[in-house]
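Chain and residue survey
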Amino acid sequence: SDRADFTSERDDDLEGEDEDEDVPESFYDLTHEKLEETLSKGHGIDKRLETKIRRCFQQFLLKFRMEGQAEARYPDLIRKMAEEDQKHLDVHFGHLQQWSAQLALWIADYPLQILPLLNMTLLTEAARKFGTYRNLVASEETELRVAIHSFPVQEPIRELSTRHLSRLVSVQGVVTKRTKVFNEVKRLYLRCAKCNFLSPAFEVSSDKDLKPGACIECQSKGPWKVDRQQTLYQNHQKITIQESPSSVQPGKMPRSKEVIVTGDQVDTIRPGDELLLTGIYRCLYDAATNARTCFPVFKTEIFSVHLHRRGDVKLIEITDDKQQQILELAKDPNIRERFISSMAPSIYGMRHVKTAIALSMMSGQQKITAGKHRIRGDINTLIVGDPGLAKSQFLKYVEQTFPRAVYTTGKGASAVGLTAAVTRDENGEWGLEGGAMVLADDGMCLIDEFDKMNDNDRTSLHEAMEQQTISVSKAGIVATLKARCAVVAVANPTEGRYDPQRTFAQNVNLTDPILSRFDILCVLRDEADPLQDTRLADHVICSHIRSHPDASAEDKLIKPKLQQRADHIEPIDQDLLKYYIIYARQNVFPKVGDIDKEKLANFYRDLRAESFRNGGQAMTARQIDSIVRLAEANARLELRQHVLAKDLDNAISVVLESFIQSQKHQVAEELRKKFSRFT
């Protein structure tokens, strides 16, 4: 029977592959093969060519080396796939081009015919080395798939046309909708209703009609019943991807396209994610459209092969070379200063804000106490200041640099938009939708124009900022969502400009409960200073010259006078900085052990006494937590697993600077002198 042939064919492959580790190139050279002619005549791929294609891909998996590397790249990735029990292997299209240009061309032009062969080869190769996958072969599962990514030609969604049908395409867009996960029949087993005999397997596909024929046992032509135990299913989900609003031409509406995701891709993305998608563009017969338009029309969709979600920290791989660079960088004795000066290097000065943002990006260590009470590790920052001091630019910089950041504005965000909303789907069922803080889980939530939010909306942030959960009880849904994110908020003073003669509370229209949840406060004042103004003007002009689209190599080397001095700190390259942040957050977990508890207690006592005497930032027990978090972030910044005395000193100086900046002008100078022994 077909089923027996299918199994024995696979077993032959498995036995034969052992000897195929080292095969002469002529055995898998596809240069002179003519696949186009075979397929244009309506024939499938013949057995000889199929074996050759599979052997070519098998040798690629075993032998392909990147330039300048001694080790083969993919055996290590297959081992990693087995360790994490994944069901797909990411393969770079450029690597396939280097190995066999013919195979890469066929994958691009005939993915429906070629990709199943590659999937089968990957399964046999993985099963040969790892027992996990042998069970898949035994159960006749063809679940392992080759996920081709980095396809060189990217198409806008609106330009997909008939010439792309049944070909590999790469599109970029934002996910707007996703359905529930359905079970799709992959291989069907039928039983004869009269004699209960099991028929051979039927491979189910949308473009083939299912015709069971006659029963082998009793020659009856029906009726049939489905054997649900033997039948193989796979996960199936539809998502809608829409053009990014930024890429749409002015005056045009963004187009959208349906995408089919199957297997282990389902539920990996959610509405609002920005995707780079590689898939097969295919057409389906759509009866509903035909009935409406009265002429045959085919509906098109993209069958997903590889999904890359922008800003997914787990998808960013740090190579050994990068790791070596990061560890070398951490050995620099001046790393803290370099890291802080690398924050938004195009913005001049503002050291306190840059320190606050650097520590927010690094974050402290979350802890669970004996009473199951959770202490957050994320550092919240509030930046208040006069107009024109690049406050929003800092937020935009964090959005571009930090791998997972969600940007929103106070006026355009409601309470449910920030926390969670209960909505009805197209079937009329109630469902939960996470807001900005839920989407920023394990990242940063950036809120611009924080002072313009309604008081009711701001109150909804209380739980999200301290307990880092969002409780919802609406429409019969009672749930608690996680919102473990650092909040960086920017606000303008009530009178437009910050008045140093008034207290912080009079300048900013924010309540004490919300202010006490911020670890660091930054007050920016636009003061006239001839020397600083000259340097700022020089910095801005040089930045314009360097950043011009037509700037020459000489123009790009122009530096302000301040950067030409010998004591100038050289900032870190921005690409390396991203990897440095990811590495630190993934691998460094500092412990607070032997710190000067006496110093911390005395500092808190004195600062609290001053707070009650002079006003300014409200000092509560949360500030002790803040100092510990900031000390851990300082240690993490230098990739250390333990907190030293200098980390505590740095943390105290940041908290003190926050407190002094929130005081009236005349009180601030006295406080600087009084607390100079702590810094």
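The structure contained in this document is the topic of the report that follows. (Residues numbered from 1 in each chain as written. Predicted model: local features only at pLDDT ≥ 70, side-chain atom pairs only at ≥ 80, totals over all residues. Heavy atoms only, no water.)

Moving on, we come to helix α6 (residues 101-109). Gln 102, Leu 103, Ala 104, Trp 106, Ile 107 and Ala 108 are the residues of α6 that are buried. Buried residues in α6 make contact with α2 (35-40), α3 (47-63), α5 (93-99), α7 (111-129), β2 (145-149) and β3 (167-178). (Buried < 20%, exposed > 50% of the residue type's maximum accessible area, 1.4 Å probe, protein only. Helix = DSSP H or I, 4+ residues; strand = E, 2+ residues; numbered from the N terminus. Contact = heavy atoms within 4.5 Å.)

Relative orientation of the contacting elements helix α12 (residues 351-362) and helix α25 (residues 645-661) amounts to 130°, with a least axis distance of 11 Å. By the angle class used here, α12 and α25 are oblique. Between α12 and α25 the crossing geometry is left-handed. On α25, the residues touching His 352, Thr 355 and Leu 359 of α12 are Val 654, Glu 657, Ser 658 and Gln 661. Of the residues in the contact of α12 with α25, the class split is two nonpolar, four polar and one charged. (Axes fitted to C-alpha atoms, helices over the stretch in contact; angles between N-to-C directions. Parallel < 35°, antiparallel > 145°, perpendicular 65-115°, else oblique. Left-handed = near helix turned anticlockwise from the far one by under 90°. Nonpolar A, V, L, I, M, F, W, Y, C, P; charged D, E, K, R; others polar.)

In this section: the pattern of salt bridges. Evaluated as defined, the whole model comprises 33 salt bridges. Asp 76 is the salt-bridge partner of Arg 79, the closest N and O atoms lying 2.3 Å from each other. Placement of both Arg 79 and Asp 76 in helix α4 (residues 74-83) is noted, with a separation of three residues, approximately one turn of the helix. Linking Glu 258 and Lys 238 is a salt bridge whose minimum nitrogen-to-oxygen distance equals 3.6 Å. One end of the pair, Glu 258, is in strand β9 (residues 256-262); the other, Lys 238, is in strand β8 (residues 232-242), and 20 residues separate them in sequence. Given the relative accessible area of 27%, Glu 258 is considered partly exposed. (Salt bridge = Lys/Arg side-chain N within 4 Å of Asp/Glu carboxyl O.)

Within a regular strand, side chains alternate between the sheet's two faces. Looking at chain direction, strand β19 (residues 469-474) and strand β20 (residues 477-482) are connected through six bridges and run antiparallel. Paired with Ser 473 across the two strands is Val 478, which belongs to β20. Count of turn residues in the β19/β20 antiparallel hairpin: two residues, of which Ala 475 carries a positive phi of about 50°. (Pairing = 2+ DSSP bridges.)

Okay, the sheet that holds strand β21 (residues 486-491) next. The strand order across the open sheet built from five strands is β15-β18-β21-β14-β22, with neighbouring strands paired in parallel fashion. At either end of the open sheet lies a strand with only one pairing partner, and these are β15 (405-409) and β22 (520-524). Neighbour-to-neighbour, the strand axes of this sheet turn through a mean angle of 15°, independent of strand direction.

So, on to helix α26 (residues 665-674). Restricting attention to buried positions, one finds in α26 the residues Val 667, Ala 668 and Leu 671. Angular distribution of buried residues about the axis of α26 spans 105°; they occupy a single face of the element. Exposed positions of α26 whose direction lies more than 90 degrees from the buried face are Glu 670 and Lys 673. Each element contacted by the buried residues of α26 is listed here: α23 (597-614) and α25. (Arc of directions from axis to C-beta.)

Next up on the list: the side chain of Gln 623. Mapped onto the elements, Gln 623 comes out in helix α24 (residues 622-637). Not counting the four nearest positions on each side in its chain, Gln 623 is found in contact with Ser 516, Phe 518, Gln 617 and Ala 618.

What follows is about the nonpolar core. By size, the foremost hydrophobic cluster in this structure holds 69 residues, and its most contacted members are Phe 339, Met 361, Tyr 580 and Phe 603. With near-sequence residues (within four places) excluded, Phe 339 lies in contact with Ala 358, Met 362, Ile 572, Leu 577, Tyr 580, Ile 581 and Leu 637. Phe 57, Trp 106, Leu 144 and Leu 168 belong to the second-largest nonpolar core, a separate cluster that totals 45 residues. (Core = buried A, V, L, I, M, F, W, Y, C linked by side-chain atoms within 4.5 Å.)

What follows concerns the environment of Arg 336. By the element assignment, Arg 336 lies in helix α11 (residues 335-341). Sequence-wise, Arg 336 and Leu 105 are 231 residues apart; in three dimensions their C-alpha atoms are separated by 49 Å. The contact partners of Arg 336, leaving out residues within four places of it in the chain, are Arg 351, Thr 355, Asn 634, Leu 637, Glu 638 and Asn 650.

This next bit is on the packing of aromatic side chains. Counting across every chain of the model gives nine aromatic pairs. Ring geometry for Phe 60 against Tyr 74: centres 5.0 Å apart, planes inclined by 40°, an arrangement best described as tilted. Placement of Phe 60 in helix α3 and of Tyr 74 in helix α4 is noted, with a sequence separation of 14 residues between them. Tyr 74 shares its class with Phe 60; the two are buried. Among the aromatic residues, ring-to-ring pairing joins Phe 57, Phe 60, Phe 64, Tyr 74 and Trp 99 into one connected group. Over the ring of Tyr 74 we find Arg 73, and its NZ or CZ is 6.0 Å from the ring centre. In this arrangement the basic side chain of Lys 396 is found over the ring face of Tyr 407, its NZ or CZ atom lying 3.9 Å from the centre. (Phe/Tyr/Trp six-rings, centres within 6.5 Å; stacked < 30°, edge-to-face > 60°. Lys NZ or Arg CZ within 6 Å of the ring centre and 35° of its normal.)

Turning next to the pairing of β3. With eight bridges joining them, β3 and strand β10 (residues 274-285) adopt antiparallel strand pairing. Looking at the pairing, Gly 173 lines up with Leu 275 of β10. As paired elements, β3 and β8 share four bridges and run antiparallel to each other. If you follow Lys 177 over to β8, its bridge partner there is Thr 240.

What follows deals with the environment of Leu 432. Structurally, Leu 432 is set in strand β17 (residues 430-434). Among residues more than four places away in sequence, those in contact with Leu 432 are Ala 421, Val 422, Val 472, Ile 477, Ala 479 and Leu 481.

Along the chain, Gln 532 falls in helix α20 (residues 530-547). Measuring from C-alpha to C-alpha, the distance between Gln 532 and Phe 27 comes to 72 Å, with 505 residues separating the pair along the chain. Side-chain polar atoms of Gln 532 contact the side chain of Tyr 348, separated by 2.8 Å. (Polar contact = N/O pair within 3.5 Å; in protein donor to acceptor, adjacent residues only side chain to side chain.)

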